[in-house]
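Structure at a glance
This is what each chain is made of:
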Amino acid sequence: MITSFRACALSALALVTALSHGPATAQQKPAPISESEVRAHIAVLASDDFEGRAPGTSGEMKTIDYLAKTWDSYGLVSGTNDPANPWFQPVPLVERKPYAQSFSAMRGTRPLKIDSDALILTGRNATDAVSGAPVFVGHGVGADGKLNADVRGRIVIMLSAEPKFEGAAKLPTRREREKLLAEAGAAAVLLTAPKGAPWASVRTALAGGSMRLASDDVSTTISGLIRPDAANALIKPAGMSLATATKRAGEPDFVPVDLPVTLELAASTQVRSFASHNVIGKIPGAKPGSGAVVLLGHWDHFGICRSEEAEDRICNGAVDNASGMAVLLTVAERLARAAAQGAQLDRDVYFMGTTAEERGLLGAYHFADNPVVPLDQIVVALNIDTVAIAPKGAPVALVGRGESGLDEIVDQIAIAGGRTVDTDTEANAFIRRQDGWALGAKGVKSIMAGGSFSDMALLQAFLTSVYHQPDDELTDKTELGGAADDANLHIDLVRHFADEAKYNPATTGD
Ligand SMILES: [Zn+2]
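Predicted model, so just to flag it, every value in this text is computed and none were measured.

Thresholds, definitions, all that
- Residues numbered from 1 in each chain as written.
- Predicted model: local features only at pLDDT ≥ 70, side-chain atom pairs only at ≥ 80, totals over all residues.
- Heavy atoms only, no water.
- Disulfide = S-S within 2.5 Å.
- Helix = DSSP H or I, 4+ residues; strand = E, 2+ residues; numbered from the N terminus.
- Buried < 20%, exposed > 50% of the residue type's maximum accessible area, 1.4 Å probe, protein only.
- Phe/Tyr/Trp six-rings, centres within 6.5 Å; stacked < 30°, edge-to-face > 60°.
- Lys NZ or Arg CZ within 6 Å of the ring centre and 35° of its normal.
- Contact = heavy atoms within 4.5 Å.
- Pairing = 2+ DSSP bridges.
- Axes fitted to C-alpha atoms, helices over the stretch in contact; angles between N-to-C directions.
- Domains from an automatic or database assignment.
- Buried area = accessible area lost by both parts, 1.4 Å probe.
- Salt bridge = Lys/Arg side-chain N within 4 Å of Asp/Glu carboxyl O.
- Polar contact = N/O pair within 3.5 Å; in protein donor to acceptor, adjacent residues only side chain to side chain.

Some points on the state of the cysteines
Considering all chains together, one arrives at one disulfide under this definition. For Cys 305, the disulfide goes to Cys 315, at an S-S distance of 2.1 Å. Classification of the bridge connecting Cys 305 and Cys 315 rests on its S-S torsion, roughly 85°, and on that basis the disulfide is right-handed. Of this pair, Cys 305 sits in the loop between β14 (303-304) and β15 (314-315) while Cys 315 sits in strand β15, placing them ten residues apart in sequence. There is no split in this pair, since Cys 305 and Cys 315 are both buried.

Below, the structure written as structure tokens:
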């Protein structure tokens, strides 16, 4: 049967249009991200050549250069939205490394016996010394969250454990309590190390120095960590043990205890101010102003982390977090290619490698204070950290389950992608230990979804072996099945959250 010319031409046109846009795009659904693609990026980022990716080193320069150039080669544009600083958002930091210290403790004229390595002290300046009678303040705050003592000029001994008072609302974190003490004029803070903390590794970690954002550089003249046995020796002259004092500190009527001891502390410290960088790329959306999806992961690790005698001096951070960056790179490649072929998403999609996560989520906090797009425009932040743990097909767990209102959506997307989901909240133990927290704490819907946090035994096996050690390296045995799975999951997540029709933050409750 012959129809009219006009109808015929129309259907031919429709066919051509359909081939070049509609069905063609669906057919071009890119191949899933493979383990070997993930491996290739980890191999670069975790190579000895990148020196463990410490902020403020040549390892940083190589790392941020690799991230920006690779994203650029995939077709992303700078996401800093700052022409003066394309790709790299400067993050001003202050680093302090202790290199010498001394202390003494006297009860009257009698010296107390305390191991010379039972305190680890850092000064605010190159050389600092303070002395006086210490006060044990428990957690430092009462149930109202306010300081519980007049600490001006004092040496303060404070529990590092987070306070838990019945009925109390949100209480300040350890870092916030330290800040409160500094702002109230305390001369020194000695934090009690958690009981059973492996002192040798604590020492190693502290010897690597501490970092703060320059915008948040508040501290006492001397700050330090004190081993429980040494804290016990200082508290004992007041007629109680550290255990008793700790128990009392948790009671609502706790009163700080002046210790009848004279403590002298001195510290020599290397202080360095420098700028590190968050690296930010973007795939522009088709509908400017419709919001943004932010994928983030930390590029940094501990750098050259062992002394000269050590056989392997570099903490390569293959799993933590070259693996997460490999996911950010491969996901960016697929989505940018799809966008170039016409499958542009509505919303801008940002890819950010953060700095100094290992030093306290500093790059992420800096971004939260200086976002490149207003925080209320970010419809979701997806953090990706330590993904090369679980095998292929592991259930998807959420760090932040129950916190964002997005659990159901993420579960559905995971299931649609062929995964199972782990719906318990075990993974929330890590909620404050990952960059997403810096954004979540400011009200951004923030989740970390993936297989690594579903099998706690597997995760613990990593955390108690090569984690933060020179042995976190890429080997033939590195498990990348879960990493590739998680990369593919994130493609699906971004496609959903960056689509205005599929996801409207206004109609998703918390
Ligand atoms: Zn780490």
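With respect to the packing of aromatic side chains
Two descriptors summarise a pair of aromatic rings, namely the distance from one centre to the other and the angle between the planes of the rings. The full count for this structure, using the stated rule, is six aromatic pairs. Ring centres of Trp 71 and Phe 351 lie 6.2 Å apart, and the angle between their planes is 45°; this geometry places the pair in the tilted category. On the criterion of sequence distance, the pair formed by Trp 71 in helix α4 (residues 58-74) and Phe 351 in strand β16 (residues 348-354) is long-range, its members being 280 residues apart. Overall, Trp 71 belongs to the buried group, its relative accessible area being 0%. A residue is classified by how much of its surface remains accessible, and Phe 351, at 0% relative accessible area, is buried. Measuring from ring centre to ring centre gives 5.7 Å for Phe 462 and Tyr 467, while their planes differ by 65°; the resulting arrangement is edge-to-face. Residue class for Phe 462 comes out buried when judged on its relative accessible area of 8%. The ring centre of Phe 274 lies 4.1 Å from the NZ or CZ of Arg 272, which sits over that ring.

A look at the environment of Ala 186
With respect to the helices and strands, Ala 186 occurs in the loop between α5 (174-183) and β8 (188-192). Given the relative accessible area of 6%, Ala 186 is considered buried. Separated by 83 residues in sequence, Ala 186 and Thr 269 place their C-alpha atoms 19 Å apart. Once residues lying within four places of it in the same chain are set aside, the contact partners of Ala 186 are Val 151, Arg 152, Gly 153, Arg 154, Val 156, Leu 181 and Thr 220.

Details of the sheet that holds strand β10 (residues 222-226)
Here we have six strands laid out as an open sheet, ordered β4-β10-β8-β7-β6-β11, and mixed in their pairing. The sheet is open, and its two edges are formed by β4 (119-123) and β11 (257-258), each paired on a single side. Summarising the sheet, strand β7 (residues 155-159) and β8 pair through five bridges and their orientation is parallel. If you follow Met 158 over to β8, its bridge partner there is Leu 191. Of the strands in this sheet, β4 and β10 touch helix α6 (residues 199-207), which is tilted by about 10° from β4.

Considering the domain arrangement of the protein
Splitting the protein by domain gives domain 1 (30-94 + 273-507) and domain 2 (113-260). Each of domain 1 and domain 2 has a C-alpha centre, and these two points are 33 Å apart. The interface is formed by 13 residues belonging to domain 1 together with ten residues belonging to domain 2. Summing both sides of the interface, domain 1 and domain 2 together bury roughly 1000 Å²; the carbon and sulfur share of this comes to 59%. Taken together, the connections running from domain 1 to domain 2 amount to zero salt bridges. Where domain 1 meets domain 2, there are three residue pairs in polar contact (both at pLDDT 80 or more). When residues of the side of domain 1 that touches domain 2 are traced back to their parent elements, those giving at least two are β2 (88-107) and α10 (362-369). In terms of residue count, β2 provides more of the side of domain 1 that touches domain 2 than any other element does, four residues in total.

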